[in-house]
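Examining the three-dimensional arrangement
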Amino acid sequence: MVEGQPVEGFEFKCPSGFSAVFRKMKLAEQVKAAKNKNKPQNNFARNLLTACWLSTSDAGPYDFDTESVPPWDDLLAGDRFYLLLKLSNTSGNETPSYRARCPHCSKRKPYDININPDDPDSHFVFRKLEPEVFDHIKERGNRFDGELLDGRRIVYKLPTGTTENKVSKVDEASQPVAFLRDVLLEVEGLEHIHPKAIMQLDVDEVEHVQDMIDERNCGVDTTVELDCVNCMEEFDIDVPLSVIFEPGRRTRSRQQKRRAEKRKKRSSQAGA
Ligand SMILES: [Zn+2]
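Residues numbered from 1 in each chain as written. Predicted model: local features only at pLDDT ≥ 70, side-chain atom pairs only at ≥ 80, totals over all residues.

**Points about the environment of W72**
Selection criterion: A helix here means a DSSP run of H or I that spans at least four residues, while a strand means a run of E at least two residues long, and both kinds are numbered starting from the N terminus. Two residues qualify as being in contact provided that their C-beta atoms, derived from the backbone, are within 7 Å of each other.
Note on placement: W72 falls in the loop between β3 (53-58) and α3 (77-90). Sequence separation between W72 and T50 is 22 residues, and the spatial gap between their C-alpha atoms is 8.1 Å. When residues no more than four places from it in sequence are discounted, the contact partners of W72 are A45, R46, L49, T50, R80 and G161.

**Quick notes on the sheet that holds strand β2 (residues 19-22)**
For clarity, the threshold we go by: When DSSP finds at least two bridges between two strands, those strands are taken to pair. To obtain each axis, a line is fitted to C-alpha atoms, and for helices this fit is confined to the stretch in contact; angles are then taken between N-to-C directions over 0 to 180 degrees.
Sheet architecture is open: three strands sit in the order β1-β2-β3, paired in antiparallel fashion. Because the sheet does not close on itself, it has two edges, and the strands there are β1 (10-13) and β3. Each neighbouring strand pair of the sheet contributes to a mean axis angle of 25°, computed without reference to strand direction. Relative to β2, β1 runs antiparallel, the two being bridged by four bridges. From the neighbouring strand, F10 faces β2, where its bridge partner is F22.

**With respect to the sheet that holds strand β7 (residues 144-147)**
Taking strand neighbours across the sheet as the criterion, the three strands line up as β7-β8-β9 in an open arrangement whose pairing is antiparallel. Taken across any chain shown, the strands that pair with only one partner, and hence form the sheet edges, are β7 and β9 (184-187). Each strand of the sheet is rotated relative to its neighbour by a mean of 30°, with strand direction disregarded. In this sheet, strand β8 (residues 153-156) lies alongside β7 in antiparallel orientation, the contact comprising four bridges. Paired with E147 across the bridge in β8 is R153.

**A closer look at the environment of A77**
Considering the arrangement of structural elements, one finds A77 in helix α3. Placed 142 residues apart in sequence, A77 and G219 show a C-alpha to C-alpha distance of 7.5 Å. Look past the residues within four positions of A77 in its chain and what remains in contact with it is P159, T160, G161, T163, E164 and G219.

**Details of the nonpolar core**
Formally: Residues enter a nonpolar core if they are buried, belong to Ala, Val, Leu, Ile, Met, Phe, Trp, Tyr or Cys, and are joined to the set through C-beta atoms within 7 Å. The exposure label follows from counting other C-beta atoms within 10 Å of a residue's C-beta, where the C-beta atoms are placed from the backbone and the thresholds are 20 or more for buried and 12 or fewer for exposed, leaving partly exposed in between. For each domain, the first and last residues come from an automatic or database assignment.
Counting 39 residues, the largest nonpolar core has L83, L84, L85, L87 and I113 as its most contacted members. Elements that contribute at least two residues to this core include exactly β2, α2 (44-52), α3, β4 (97-101), α4 (131-140) and α9 (241-244). The element contributing the most residues to this core is α3, with seven residues. Residue contributions to this core reach at least three from each of two domains, namely domain 1 (10-125 + 222-249) and domain 2 (130-217). Residues within four places of L83 in sequence aside, it is in contact with F12, C14 and L49. Core analysis: the next-biggest nonpolar cluster, separate from the first, contains nine residues, Y156, V167, L180 and V209 among them.

Below, the structure is given as structure tokens:
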């Protein structure tokens, strides 16, 4: 930054209602993010958000002090992910390319993924926090009552940055255990929620807890539907966070330009 030069800020309003102003990423940060993309959930998210944060305009459902750097790992996972998306997007990474394999014809081809969750043409679906869940977190914190399939009462939380950090540190097979260990705050009859106790739960409790969370959660759905460029069949892929920090394409794809033209035509017709 040239000294004395004002920094341009961009306000991002998260799915929960939390809003903050960020500057664009520096080239060095983009390079670091791209290099760390295989371990994206480690401190990289916290460091990047801290570096680019300028101010908090609305704490949303959180009881954060708006004057200091927000505790990024305490944000709902959906909010933190949204901020990383917007940061990459605002910094010029509009449509990273992702090589996906079509399950119908087995051809692996590159697809341009529109990662801007606020764009009507986005591949991602944005889901806002419901007002009653917002009020619940504001009044009672991120703690919800529920019940396991075996009938025991539990208190659980919606996944946060911390949950993602913990899950990303273990191998894939151990991820459900790491997940439950972090989101389950109390289980009836258990003094401590230690891994051994979690291991004794039935396998289908994982999905059951996940369903309870999904019912209340907000965020950005990263499952996208693509049309195979080879066989034209439709298929779903789950876009990993690593794709979002692929060095960006600076020009819009032909498909995007066509979509934008169509939209312009529609709005001018609607206005006429
Ligand atoms: Zn295909």
